[in-house]
Amino acid sequence: MASSNSRISIVVSILLFASACAYAEDSPQEIKMRIGIGNPVEGKAKAIPCRVCHGDDDNPEEPMIPKLAGQYADYIQRQIYNYQEGTRSDPDMNRISSTLTNRRDLADIASYFASLKQMKGIPVANEEGEKLYLKRGCFNCHGEVGKGKPNYNSIFPIVGGQKKGYLIKQMKDFKSGERTTDISGIMTLVMNQMTYNEIVAVAEYMSGQ
Ligand code: HEC
Ligand code: HEC
């Protein structure tokens, strides 16, 4: 049967792809690449008001507050501009971002969060979510397990190990057009092809990485 052969070759190519994409999340080189132009030491003090909600490591308490630990500094900065412009809305973040007008301070704060040990979830087995992550091509942009691209492309946020509730909300916001921060529009296109249950499954898979 041709189909079992082709299935085997798909599995083999996935495994080869996975090994080619092995990454070292917190090597000094990787941290240097993701912190951008800011100063993480100065950023630590400047980020005190943020740490109240986002936590000091990768564990904000509230399920809807995202982890920022090990996220790309450039991505963090871009999201602050998005809250300022209103292409993303959240009452707390819109208010807080409007006060963050000093670019040096913002670069330092973003750099501090980027320098932390990268966010990590508690592994969960969600086969459907894992399949969807591959089938829908999420890995092409967010990396093999959601930890970004090996070439440190800060256009694509780290989503592996992020909070499940937060991930679901963002995907729903892309789908409904509430969040219009992806200028290519691809996140909205991809989400329009997914049902709510599929979004929950893929969020659970990503959160466990
Ligand atoms: C009162 C709690 C609170 C405080 C204080 C706070 N945040 Fe947030 N932050 C949130 C919530 C809630 C969200 C998710 C909003 C949404 O759904 O868009 C968020 C989202 C974000 C995001 C988007 C993350 C992503 O993965 O896209 C960034 C970046 C961010 N906050 C940075 C900051 C910075 C920098 C500060 C300090 C200047 C800060 N936050 C202070 C609650 C807070
Ligand atoms: C063609 C590239 C591309 C593909 C494919 C893609 N994404 Fe994205 N995704 C992006 C970009 C770019 C952003 C950030 C947009 C922005 O700057 O706000 C994003 C943002 C997200 C976010 C929000 C992260 C955060 O911290 O707020 C989630 C969740 C997400 N993607 C999940 C997925 C899932 C799940 C899939 C597959 C079903 C997928 N993406 C496929 C490019 C892509």
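Residues numbered from 1 in each chain as written. Chains lettered and ligands numbered in written order. Predicted model: local features only at pLDDT ≥ 70, side-chain atom pairs only at ≥ 80, totals over all residues. Heavy atoms only, no water.

Student: Whenever I open this one, the site of ligand 2 confuses me. Can you help?
Tutor: Taken together, the neighbourhood of ligand 2 is formed by 27 residues, with Cys138, Cys141, His142, Thr181 and Met187 sitting nearest. The side chain of glutamine 79 places a nitrogen or oxygen atom 3.1 Å from an oxygen atom of ligand 2. At 2.6 Å, a side-chain N or O of tyrosine 166 approaches an oxygen atom of ligand 2. Secondary structure elements with two or more residues in the shell around ligand 2: helix H5 (73-85), helix H9 (138-142), helix H10 (164-176), helix H11 (186-192) and helix H12 (196-207). Considering every element that reaches the shell around ligand 2, the biggest residue donor is H10, with five residues. Partitioned by chemical class, the residues of the shell around ligand 2 number 18 nonpolar, five polar and four charged. (Near = heavy atom within 4 Å. Polar contact = N/O pair within 3.5 Å; in protein donor to acceptor, adjacent residues only side chain to side chain. Helix = DSSP H or I, 4+ residues; strand = E, 2+ residues; numbered from the N terminus. Nonpolar A, V, L, I, M, F, W, Y, C, P; charged D, E, K, R; others polar.)

Student: Help me understand the site of ligand 1, please; the structure alone is not making it clear to me.
Tutor: Taken together, 23 residues lie near ligand 1, and Cys50, Cys53, His54, Tyr75 and Met93 sit nearest. Between ligand 1 and arginine 88 there is a distance of 2.8 Å, counted from an oxygen atom to a side-chain nitrogen or oxygen. Glutamine 170 places a side-chain nitrogen or oxygen 3.0 Å from an oxygen atom of ligand 1. Elements with a minimum of two residues in the shell around ligand 1: helix H4 (48-54), H5, helix H6 (91-98) and H10. When residues in the shell around ligand 1 are grouped by element, the largest group, five residues, is from H5. Within the shell around ligand 1, the residues separate by chemical class into 16 nonpolar, three polar and four charged. Composition of the shell around ligand 1 by domain shows at least three residues from each of domain 1 (22-118) and domain 2 (120-209). (Domains from an automatic or database assignment.)

Student: How should I be thinking about the coordination of the iron atom of ligand 1 in this particular structure?
Tutor: In an ideal tetrahedron of four donors about a metal, each angle is 109.5 degrees. In an ideal octahedron of six donors, the angles are 90 or 180 degrees. Taken together, His54 (NE2) and Met93 (SD) make up the full set of protein donors to the iron atom of ligand 1, lying 2.0 to 2.3 Å away. Taken together, the six donor atoms surrounding the iron atom of ligand 1 define angles of 87 to 178° at the centre, an arrangement classified as octahedral. Of this pair, histidine 54 sits in helix H4 while methionine 93 sits in helix H6, and the two are 39 residues apart along the sequence. Here methionine 93 falls in the buried class, since its relative accessible area comes to 16%. (Donors = N, O, S within 2.8 Å, 3.2 Å for Na, K, Ca; no water. Tetrahedral: all angles 85-135°; square planar, octahedral: opposite > 155°, others 65-115°. Buried < 20%, exposed > 50% of the residue type's maximum accessible area, 1.4 Å probe, protein only.)

Student: Would you explain the packing of H5 against H6 in this entry?
Tutor: To describe two helices that pack against each other, one gives the angle between their axes and the distance between the axes. Between H5 and H6, the least distance of the axes is 8 Å, while the angle of their chain directions is 100°. Of the possible angle classes, the one that applies to H5 and H6 is roughly perpendicular. Contacts from Ile80, Tyr83 and Gln84 in H5 reach Met93, Asn94, Ser97 and Ser98 in H6. When the residues that make up the contact of H5 with H6 are grouped by side-chain class, the tally is three nonpolar, four polar and no charged. (Axes fitted to C-alpha atoms, helices over the stretch in contact; angles between N-to-C directions. Parallel < 35°, antiparallel > 145°, perpendicular 65-115°, else oblique. Contact = heavy atoms within 4.5 Å.)

Student: Sorry if this is basic, but what is going on with the nonpolar core here?
Tutor: One broad trend across soluble globular proteins is that nonpolar side chains are buried collectively. In terms of nonpolar packing, the biggest core is built from 20 residues, with Tyr133, Met171, Met191, Val202 and Met206 touching the most fellow members. Secondary-structure elements contributing two or more residues to this core are helix H8 (127-135), H9, H10, H11 and H12. For this core, the element with the highest residue contribution is H12, accounting for six residues. Setting aside anything within four residues of it in sequence, one finds methionine 191 in contact with Met171, Phe174, Lys175 and Ile199. Core analysis: the next-biggest nonpolar cluster, separate from the first, contains 18 residues, Ala69, Tyr83, Leu100 and Ile109 among them. (Core = buried A, V, L, I, M, F, W, Y, C linked by side-chain atoms within 4.5 Å.)

Student: Even after reading the chapter, I still don't get the side chain of histidine 142, so can you show me in this structure?
Tutor: Checked against the element boundaries, histidine 142 lands in helix H9. Here histidine 142 falls in the buried class, since its relative accessible area comes to 13%. From its side chain, histidine 142 meets the backbone oxygen of proline 157 in a polar contact 3.1 Å long. Here histidine 142 is in contact with Tyr133, Lys147, Gly148, Phe156, Pro157, Val159 and Met187, once residues within four sequence places are set aside.

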